[in-house]
Each structure stands twice: as structure tokens, then as C-alpha cells.
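Coordinate inspection notes
Chain by chain, the residues:
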Amino acid sequence: MPLTDRERALLDFEAAWRRHAGAKEEAIRAELELSPARYYQLLGRLLETADALEYDPMLVKRLRRIRDAREQARLARASAAGE
């Protein structure tokens, strides 16, 4: 199923949010009318779709790498704490 306008808006926002003045959370609320928590939930699900990858492959791959690196760091910390 092709991306919805809202899904494209999420990806476009994530690609360009640094151009906005102020904090990212404020821009999420103002431009997308979402709470930051909901935004990140939707974005996380969206990153797993083939349609998102087709729409903006560089962005999706970059965000997947960042997410995976954070997960690995969490696992390493949890493993070190459990030793």
C-alpha cells in the first residue's frame, strides 16, 4: 500500500526538521499536531515499511542505523550491568 499523506509528512519532517527554529519537540507539535511520543511511535513503525524505504531510502537507512546502534548500546549496558 502506498504511503499516506501523513506518512510522507512524517518522513519529510524528519528529513528537514533541522531547518526549523526551536526545539524539535515544539516543531512536531506545531507542524504535525502530534505529541513527540506519538510522532516517534509512528516514525518507528514507518521505518519498517518497504514504502518508506522506497520514498526516501537515504533517510530511512540512516534512521535504521541510528536506531540499531542505540539498541546495541542498550543491550551492551544491560549486559554489563548484569555481570
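One structure accompanies this document, and this report is about it. (Residues numbered from 1 in each chain as written. Predicted model: local features only at pLDDT ≥ 70, side-chain atom pairs only at ≥ 80, totals over all residues. Heavy atoms only, no water.)

Here we take up the overall build of the protein chain. A tally of helices and strands in the protein chain yields 5 helices and 0 strands. For the protein chain, the sequential pattern of α-helices and β-strands runs α-α-α-α-α. Taken over C-alpha atoms, the radius of gyration comes to 15 Å for the protein chain, far larger than the 12 Å a tight globule of 83 residues would show. Seen through its principal axes, the protein chain has C-alpha atoms that stretch 45 × 30 × 20 Å. In the protein chain, which comprises 83 residues, the proportion classed as buried is 25%. In the protein chain, 43% of the contacts between residues at least 6 apart in sequence involve partners at least 24 apart. Of the roughly 5900 Å² of accessible surface on the protein chain, a fraction of 54% belongs to carbon and sulfur atoms. (Helix = DSSP H or I, 4+ residues; strand = E, 2+ residues; numbered from the N terminus. Rg over C-alpha atoms; globule rule 2.2 N^0.38 Å. Buried < 20%, exposed > 50% of the residue type's maximum accessible area, 1.4 Å probe, protein only. Contact = heavy atoms within 4.5 Å. Areas by Shrake-Rupley, 256 points an atom, 1.4 Å probe, with all protein chains shown as cover.)

Time to look at the packing of helix α2 (residues 24–32) against helix α3 (residues 36–46). Across the interface, α2 lies against α3 with an axial gap of 9 Å and an inter-helix angle of 80°. The angle between α2 and α3 places the two elements in the roughly perpendicular class. Across from K24, E25, I28, R29 and L32 in α2, the residues of α3 making contact are P36, Y39 and Y40. Its residues assigned to classes, the contact of α2 with α3 shows 5 nonpolar, no polar and 3 charged. (Axes fitted to C-alpha atoms, helices over the stretch in contact; angles between N-to-C directions. Parallel < 35°, antiparallel > 145°, perpendicular 65-115°, else oblique. Nonpolar A, V, L, I, M, F, W, Y, C, P; charged D, E, K, R; others polar.)

Below, the discussion takes up the layout of surface pockets. Computed from the structure, the largest pocket encloses a volume of approximately 370 Å³. Put simply, the parts of the chain that give the lining of the largest pocket at least two residues each are α3 and α5 (57–82). Of the residues assigned to the lining of the largest pocket, the class counts are 6 nonpolar, 1 polar and 7 charged. Looking at the second largest pocket, its volume works out to about 190 Å³. Lining of the second largest pocket is provided by M1, P2, L3, T4, R6, E7, L10, L42, R45, L46, T49 and D51. Per-class residue counts for the lining of the second largest pocket are 6 nonpolar, 2 polar and 4 charged. (1 Å grid on protein atoms, 1.4 Å probe; cavity = no way out; pocket = protein on both sides within 12 Å on 5 of 7 lines; lining within 4 Å. Points joined across faces, edges and corners; volume = space filled by probe spheres on them.)

Keep in mind that these numbers describe shape and distance, not what the molecule does.
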